[in-house]
Amino acid sequence: MTPPTANALADDTGAAAVAEGTRPAIDIQGLRKVYNGTSAVDGIDLAIPSGEFFGLLGPNGAGKTTTLRMLLGLTPIDAGSVRVLGMPIPEQEREIRARLGVVPQFDTLDPDFTVEENLLTYASYFGLSGPALTRRIEELLELANLETRRRARIDTLSGGMKRRLTLARALINGPEVVILDEPTTGLDPQARHHLWRQLRRLRERGVTLVLTTHYMEEAEELCDRVAIIDAGRIIACDSPRALIAEHVEPWVISLSAASARRFIADPATLPARMLEIADSWLIYTADPAAVRAELESAGLAHSTRAANLEDVFLRLTGHDLRE
Ligand SMILES: Nc1ncnc2c1ncn2[C@@H]1O[C@H](COP(=O)(O)OP(=O)(O)OP(=O)(O)O)[C@@H](O)[C@H]1O
Ligand SMILES: [Mg+2]
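Residues numbered from 1 in each chain as written. Chains lettered and ligands numbered in written order. Predicted model: local features only at pLDDT ≥ 70, side-chain atom pairs only at ≥ 80, totals over all residues. Heavy atoms only, no water.

Any details on the packing of aromatic side chains? Residues and values, ideally.
Enumeration according to the criterion identifies two aromatic pairs in this entry. On the basis of an interplanar angle of 75° and a centroid distance of 5.8 Å, the ring pair of Tyr-122 and Tyr-125 is categorised as edge-to-face. Of this pair, Tyr-122 and Tyr-125 both sit in helix α4 (residues 115-125), three residues apart, which is roughly one turn of that helix. The buried category is assigned to Tyr-122, whose relative accessible area is 18%. (Phe/Tyr/Trp six-rings, centres within 6.5 Å; stacked < 30°, edge-to-face > 60°. Helix = DSSP H or I, 4+ residues; strand = E, 2+ residues; numbered from the N terminus. Buried < 20%, exposed > 50% of the residue type's maximum accessible area, 1.4 Å probe, protein only.)

Describe in detail helix α11 (residues 288-297), supporting the description with residues and values.
Listed as buried for α11 are Pro-288, Val-291 and Leu-295. For α11, the arc enclosing every buried residue in end-on projection is 70°, short of the 170-degree limit, so these residues lie on one face. The inward-facing, buried residues of α11 contact β11 (251-256), α10 (257-263), β13 (280-285) and β14 (303-306). (Arc of directions from axis to C-beta. Contact = heavy atoms within 4.5 Å.)

Could you give an account of the sheet that holds strand β12 (residues 273-277), with specific residues and numbers?
Overall, antiparallel pairing links the four strands, which are arranged β12-β13-β11-β14 in an open sheet. This sheet does not close on itself; its edge strands, each paired only once, are β12 and β14. On average, each strand axis in the sheet is inclined to that of its neighbour by 25°, with strand direction left out of account. In the sheet, β12 pairs with β13 via five bridges, with the strands oriented antiparallel. Bridge assignment links Met-274 to a residue of β13, and that residue is Ile-283. (Pairing = 2+ DSSP bridges. Axes fitted to C-alpha atoms, helices over the stretch in contact; angles between N-to-C directions.)

Tell me about the sheet that holds strand β1 (residues 26-35), residues and numbers included.
Strand order in this open sheet of four strands is β2-β1-β4-β5, and the pairing throughout is antiparallel. Strands with a single pairing partner mark the edges of an open sheet, and in this sheet they are β2 (38-48) and β5 (87-89). The average angle at which neighbouring strand axes cross in this sheet is 30°, direction not considered. Here helix α2 (residues 64-71) sits on the sheet in contact with β1, β2, β4 (79-84) and β5, set at roughly 120° to β1.

Before we move on, can you summarise unusual backbone geometry with the specific residues and values?
Look at the link from Ile-89 to Pro-90: it is a cis peptide, with omega at 5°. Residue position: Pro-90 is located in the loop between β5 and α3 (93-98). Backbone geometry places Asn-36, a non-glycine residue, at a positive phi of 50°. Relative to the helices and strands, Asn-36 resides in the loop between β1 and β2. On the basis of relative accessible area, Asn-36 is assigned to the exposed category, the value being 80%. Positive phi values are uncommon outside glycine, yet Leu-85 reaches one of about 50°. Along the chain, the position of Leu-85 falls in the loop between β4 and β5.

Got a sec to walk through the layout of surface pockets? Specific residues and values, please.
Remark: the empty space left among the atoms is shown by a probe the size of a water molecule rolled over them. Here the largest pocket defines a volume of roughly 670 Å³. Residue lining of the largest pocket: 27 residues in total, with Leu-74, Arg-97, Val-102, Tyr-122 and Arg-169 positioned closest to the centre. Residue contributions to the lining of the largest pocket peak at five residues, all from α4. Each residue belonging to the lining of the largest pocket can be placed in one class, and the counts come to 14 nonpolar, five polar and eight charged. (1 Å grid on protein atoms, 1.4 Å probe; cavity = no way out; pocket = protein on both sides within 12 Å on 5 of 7 lines; lining within 4 Å. Points joined across faces, edges and corners; volume = space filled by probe spheres on them. Nonpolar A, V, L, I, M, F, W, Y, C, P; charged D, E, K, R; others polar.)

Got a sec to walk through the packing of α4 against helix α6 (residues 159-170)? Specific residues and values, please.
One way to put it is that α4 packs onto α6 with a least axis distance of 10 Å and a crossing angle of 30°. With respect to α6, the axis of α4 lies roughly parallel. Relative to α6, the crossing made by α4 is right-handed. Across the interface between the two elements, Val-115, Leu-119 and Tyr-122 of α4 pack against Leu-165, Ala-168 and Arg-169 of α6. A class-by-class count of the residues in the contact of α4 with α6 yields five nonpolar, no polar and one charged. (Parallel < 35°, antiparallel > 145°, perpendicular 65-115°, else oblique. Left-handed = near helix turned anticlockwise from the far one by under 90°.)

Rendered as structure tokens:
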């Protein structure tokens, strides 16, 4: 894949406007949404400063998309308030929309149009036209690495190409805030890294980014702060590093289920917190040498790694043996 030019779109993103004050780019208070008597979003408070790269993590059905949709004015708010760039939803929805970019969870590209026509149509919603738009579309096609597919119909694109085009489309109005709902789901590793690079560039220009993802390493790699939400509530919110330090032991030793059964013949004598994941077991410990010595004396194969955000996620949204 050819990397885009370093200064693609640098001239007219909203970065200058973002720097105008210290108020949060996004301010959510007491946000609620109820579907059929069940709270999909159950009282979320969140302030995202301008220029932050923020991640919203949580299991399927946790309420991430519903939260983002309320932020965009696409789903009516049942209770609470949302302000974006200082303006309230839904009263100033139109003004907000003009300064926002969106990558929805499911692609909403128009299948009857080509790649280029999709960008042109979307630009027309913002009243963009003329030579500046022509230049911008060239930049965006380059950024999405779709220059050679400009006349291709959407249904002839691969899933990854559609995701890239959707990101390009989201940037057409030079947004100050970009909301991305699982932008990398279904992308191959190369395409994912390509997209990460684009997102980092936006971050460097002062654009505020809000991302949901099920890839914990992606959130750890990109986000300044993440919130973990479960059943419509924020259960933890901090930098990935701080969450790891606060919620999990620093080391994780993994072993096969068969080895684990031999190791924990007597569960009452567990030497550390353990978690069963599919066919393997994870042992969380601050003293990996002691655990490894026990495993080695029992002749059990194992491997050790540093704890990461996925361990925090499992701890906070799942269950381990002792809980
Ligand atoms: N339009 C709707 N009508 C009824 N229930 C809905 C609607 N949209 C969402 N829900 C419910 O609200 C809850 C939260 O859904 P939401 O799509 O926000 O989850 P999510 O965190 O984005 O999950 P995923 O990771 O699977 O995308 C779920 O229980 C879902 O079934
Ligand atoms: Mg979702």
